[in-house]
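Working through the structure, step by step
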Amino acid sequence: MKQTAKPELFRELPSVDELLRSDGVSALVVTHGMPAVTDGARAVLARLREEISSGLLDEAALRLALGGVAEAIEQQVQRALRPSLRPMINATGVILHTNLGRAPLSTAALDHVREVSGTYSNLEFEIESGERGKRDMHVQRLLSKLLGESGNGQSISTIVVNNNAAAVLLALNTLADAGEVVVSRGELVEIGGSFRIPDVMAKSGAILREVGTTNRTRAADYEKAINDRTRLLLRVHRSNFEITGFTEQASTAELVALARKRSIPVMEDLGSGALVDLQSFGITGEPSVLDSLRAGVDIVTYSGDKLLGGPQAGLISGRADLVARMRGNSLFRALRVDKLTYAALEATLLAYVRRDHGAIPALKMMRSTKDEIGRRAEAVAKGIRQSGSTIKAEVIDGESVIGGGAAPSSTLPTRLLAITCADLSADELATRLRASDPPIIARVEDGRVLLDLRTVFPEQDRAIASALAGVAQ
Ligand SMILES: *Cc1c(COP(=O)(O)O)cnc(C)c1O
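Everything numeric here is computed off the predicted structure, so don't read it as measured data.

Let's shift gears to the sheet that holds strand β11 (residues 230-236). Strand order across the open sheet formed by 7 strands is β5-β15-β14-β13-β11-β6-β9, with mixed pairing between neighbours. For this open sheet the edge positions go to β5 (156-161) and β9 (207-211), each flanked by a neighbour on one side alone. Within this sheet the neighbouring strands show an average axis-to-axis angle of 25°, counted without direction. Where strand β14 (residues 299-303) meets strand β15 (residues 314-319), 5 bridges bridge the pair, whose relative direction is antiparallel.

A few words on the pairing of β11. The element β11 is largely enclosed, with a buried count of 6 among its 7 residues. Sheet analysis places strand β6 (residues 180-184) next to β11, joined by 4 bridges and oriented parallel. Among the inter-strand pairings, valine 181 is bridged to a residue of β11, identified as leucine 232. Sheet topology places β11 next to strand β13 (residues 266-271); 4 bridges connect them, and they run parallel. Looking across to β13, one finds that leucine 234 is bridged to methionine 267.

Another aspect to go through is the nonpolar core. Of all hydrophobic cores here, the largest spans 53 residues; its most connected members are Leu233, Tyr302 and Met366. With 5 residues, helix α15 (residues 339-353) is the largest single contributor of residues to this core. If you count residues domain by domain, this core takes at least three from each of domain 2 (89-97 + 365-471) and domain 3 (106-356). By size, the runner-up hydrophobic cluster in this structure holds 31 residues, among which are Leu172, Val200, Met201 and Leu335.

When cut into domains, the chain gives domain 1 (7-81), domain 2 (89-97 + 365-471) and domain 3 (106-356). Taking only C-alpha atoms, the centre of domain 2 and the centre of domain 3 are 35 Å apart. For the pairing of domain 2 and domain 3, the buried interface totals around 1,100 Å² over both sides, and the portion due to carbon and sulfur atoms is 66%. Taken as a group, Met366, Gly405 and Pro408 account for 37% of the area that domain 2 buries against domain 3, more than any other trio of residues on that side. Joining domain 2 to domain 3, the criterion identifies 0 salt bridges. Only α16 (361-367) and β17 (406-421) provide two or more residues apiece to the side of domain 2 that touches domain 3. Looking at the side of domain 2 that touches domain 3 element by element, the count peaks at 6 residues for β17. Grouping the amino acids of the side of domain 2 that touches domain 3 by side-chain chemistry returns 7 nonpolar, 4 polar and 1 charged.

What counts, and at which threshold
- Residues numbered from 1 in each chain as written.
- Predicted model: local features only at pLDDT ≥ 70, side-chain atom pairs only at ≥ 80, totals over all residues.
- Heavy atoms only, no water.
- Pairing = 2+ DSSP bridges.
- Helix = DSSP H or I, 4+ residues; strand = E, 2+ residues; numbered from the N terminus.
- Axes fitted to C-alpha atoms, helices over the stretch in contact; angles between N-to-C directions.
- Buried < 20%, exposed > 50% of the residue type's maximum accessible area, 1.4 Å probe, protein only.
- Core = buried A, V, L, I, M, F, W, Y, C linked by side-chain atoms within 4.5 Å.
- Domains from an automatic or database assignment.
- Buried area = accessible area lost by both parts, 1.4 Å probe.
- Salt bridge = Lys/Arg side-chain N within 4 Å of Asp/Glu carboxyl O.
- Nonpolar A, V, L, I, M, F, W, Y, C, P; charged D, E, K, R; others polar.

This is the structure we're talking about:
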């Protein structure tokens, strides 16, 4: 490799026009169109100029590069025309991984999106009367079946907005604009990705009234803070952290009793919003939407793409009169969701109505047993050994987590594929796995690459096995 630049080589470079007229490149124009190929040719020429400047190319190397210039342009064009959003294999064992798109959608949800989004639909249209309808009716119908009536016998209404952050914003703005909202200091949370309760509160126009201390807040603390400007008592789920030790938290029942006595609504930002009883999954301390409503909470807000297992959305369920006020708020129009979301959400909710929880990928992953996951991991490990690869694969005990701010202290027992290689560091192995197609995302711990097949779809096991078999070459 020569390190001195040879400026005379710049004269050897063809112009973009010359390139486009050459045989190999003009054939690309026929397939990919002039604009894309022109951009590709410019990018490849710029790269060559840079390599000449930095002395990386001598005359022979440049000639070689120019011989393959059509292929280089084709690769460049293909990269540029490929979507940037790509499928990946999540082998982290974090079921609701925000950076990896949270809950994968069910087949039924995808089918329904395809069915109603490629054509016109009755999104806001009443077929029988031929009149204008409301878009939220499609999921409202199913959620009233799933949630039934609240603790005090009122019917439960639900509206859907862009995400749970939007749900909290809309609810606070509707119920407490210019008024005070009482929140425990132990619940002024930040959820990853810049959702902070005090900031959302400020944007909503509501005034935050902090009570108690970080570790202890009693019902009496809330009561003392109530005055004639108080509009709402707010409880926020402690997603992604736990306070342990010398702690005390007013129970939901106490808050509800206080709220009733003072005729102020109680709202709970549940975050995850499970529609099933999580105890059957071995997860405790995570109230479901129904638990909160039954306990008498007036309004609950929750995400569509966390434990519910559907598309990104924010759901607001609760007292019909309060939800009706939110529907009438002009912010609701700004935060509303489109037909893709309604279609995916409706199909996901139908699985709950049918009690077919296994159809929802996130719930199915939670249900997978350590033995099932272990058997799949053993099969992958065996494949690697038989491939003659130099990497070493073991199957060891480990833990998967729910993620997405649900049950921060609960883990699910699992079996992990632990990969090491004498010639490559664990970080290098993980980098190479990310470079496979589709990219595979794993954990690195104690000098090993750990893959948890709980979050891998069984039909992806084969792709993992072949990526691992080839990774050390
Ligand atoms: C996740 C979470 C949010 C934010 O929900 P998004 O759907 O991501 O907007 C808000 N509050 C709590 C308690 C959460 O766990």
